[in-house]
Amino acid sequence: MVIKIHGIHGTTCTQRVLTILYEKDVPYELIPVDWRNMEHKSEDFIKYFHPFGRVPVLEDDDGFILFESRAIAKYIDKKYGAQGTKLTPDEGDLKGYALYEQACMLENIYFDKGAFGLAWENVFKRQKGDGEPDGVMVAKHAAQLDETLAVYERILSERKYLAGDELTLADLFHLPYGVMVRDLGYTSIFEDYPHVAKWFDGLMARESWKQVASFGFRKP
Ligand SMILES: N[C@@H](CCC(=O)N[C@@H](CS)C(=O)NCC(=O)O)C(=O)O
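Within an unreviewed UniProt entry, the label attached to the protein reads glutathione transferase, and the organism entered is Apodospora peruviana. In the Catalytic activity (unreviewed entry) part of its UniProt record, the protein is described as follows: "RX + glutathione = an S-substituted glutathione + a halide anion + H(+)". A UniProt comment under Sequence similarities (unreviewed entry) is attached to the protein, and it reads "Belongs to the GST superfamily. Phi family."

## With respect to the packing of helix α7 (residues 175–183) against helix α9 (residues 194–204)
α9 packs onto α7 with a crossing angle of 110° between their chain directions and a minimal axis gap of 11 Å. With respect to each other, α7 and α9 are oriented roughly perpendicular. Across from Leu-175, Gly-178, Val-179 and Arg-182 in α7, the residues of α9 making contact are Phe-200, Asp-201, Leu-203 and Met-204. Looking at the contact of α7 with α9, its residues break down into five nonpolar, one polar and two charged.

## What about α9?
When we look at burial in α9, the residues that qualify are Val-196, Ala-197, Trp-199, Phe-200 and Leu-203. Down the axis of α9, the smallest arc covering the buried residues is 165°, so these residues share one side. The exposed residues of α9 that point more than 90 degrees off its buried face are Pro-194 and Lys-198. Packing partners of the buried residues in α9 comprise α5 (135–156), α6 (169–172), α7, α8 (187–191) and α10 (207–213).

## A look at the side chain of Glu-153
Looking at the element boundaries, Glu-153 is found in helix α5. Arg-154 is the oppositely charged side chain nearest to the buried, salt-bridge-free Glu-153, at an N-O distance of 10 Å. A polar side-chain atom of Glu-153 sits 3.0 Å from the main-chain amide nitrogen of Val-196. When residues no more than four places from it in sequence are discounted, the contact partners of Glu-153 are Tyr-193, Pro-194, His-195 and Val-196.

## Some thoughts on the pattern of salt bridges
Throughout the structure, instances matching the rule amount to 14 salt bridges. Note that Asp-90 and Lys-86 form a salt bridge whose closest N and O atoms lie 3.1 Å from each other. Note that Glu-191 is salt-bridged to Arg-182, the shortest N-O span being 3.8 Å. Residue class for Glu-191 comes out partly exposed when judged on its relative accessible area of 48%. If you follow the salt bridges from partner to partner, you end up with Arg-16, Arg-70, Glu-107 and Asp-112 in one network.

## What to know about the sheet that holds strand β2 (residues 28–32)
Taken together, the four strands give an open sheet; going across it, the order is β2-β1-β3-β4, and neighbouring strands pair in mixed fashion. The sheet terminates laterally at β2 and β4 (65–67), the two strands that pair on one side only. Sheet twist, expressed as the average angle between the axes of neighbouring strands with direction ignored, equals 25°. Looking at chain direction, strand β3 (residues 57–59) and β4 are connected through three bridges and run antiparallel. Its bridge partner lying in β4, Val-57 is registered against Phe-67. Contacts from helix α3 (residues 69–79) reach β1 (3–7), β3 and β4, with the element oriented near 130° to β4.

Basis of the calculations
Residues numbered from 1 in each chain as written. Predicted model: local features only at pLDDT ≥ 70, side-chain atom pairs only at ≥ 80, totals over all residues. Heavy atoms only, no water. UniProt positions renumbered as here; feature names shortened; annotations may be inferred. Axes fitted to C-alpha atoms, helices over the stretch in contact; angles between N-to-C directions. Helix = DSSP H or I, 4+ residues; strand = E, 2+ residues; numbered from the N terminus. Parallel < 35°, antiparallel > 145°, perpendicular 65-115°, else oblique. Contact = heavy atoms within 4.5 Å. Nonpolar A, V, L, I, M, F, W, Y, C, P; charged D, E, K, R; others polar. Buried < 20%, exposed > 50% of the residue type's maximum accessible area, 1.4 Å probe, protein only. Arc of directions from axis to C-beta. Lys, Arg positive; Asp, Glu negative; His and termini not counted. Salt bridge = Lys/Arg side-chain N within 4 Å of Asp/Glu carboxyl O. Polar contact = N/O pair within 3.5 Å; in protein donor to acceptor, adjacent residues only side chain to side chain. Pairing = 2+ DSSP bridges.

Structure (structure tokens):
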């Protein structure tokens, strides 16, 4: 039996998990969630898979269930540590590991705020019937993302990746929303910063992401 991912090809958080599965060379089965019929909000889905009624969810071959894309990615990385790309520093490397955890927080706290905010205002809000994009909020999120990438530029002028000179999960976590905001037309926020642009182009050029992107993009 292989790992099952309950999710939807082409949606951001499922993309985050699939990227890591490809990096680690781990076979998986995608169990498509019937989004249109709100399967993710059904009583059974909430009871057995995700208490908040969201995707993705990992179901391991022993029945272990895990939700939250970044936690799933860390689980896969740890379980298949020696396989595929090495994506975390050794835990014995105290400072290297701490810098990796710090980089994970940069993505989750600073980058995601602006990037998700832009995705929400420009795409998700309308789809959820929550109204039209609010120009003030769009400008606020764009400024927040710009501020974050200005800091990234300083970091990436001193090291190749956010946690050091080796690629980690923290870098890859940026791909789905980074690509989405670029596709929405916010490319200049990245391209104004040469080290950021080089770093992000390198991430998008990885085989793992090319594979995930080949499924197409779907806006939930
Ligand atoms: N922080 C969660 C977010 C999960 C999430 O919001 N997933 C979206 C799809 S990308 C979803 O299920 N949305 C349905 C909803 O919000 O009702 C993760 O990283 O897994």
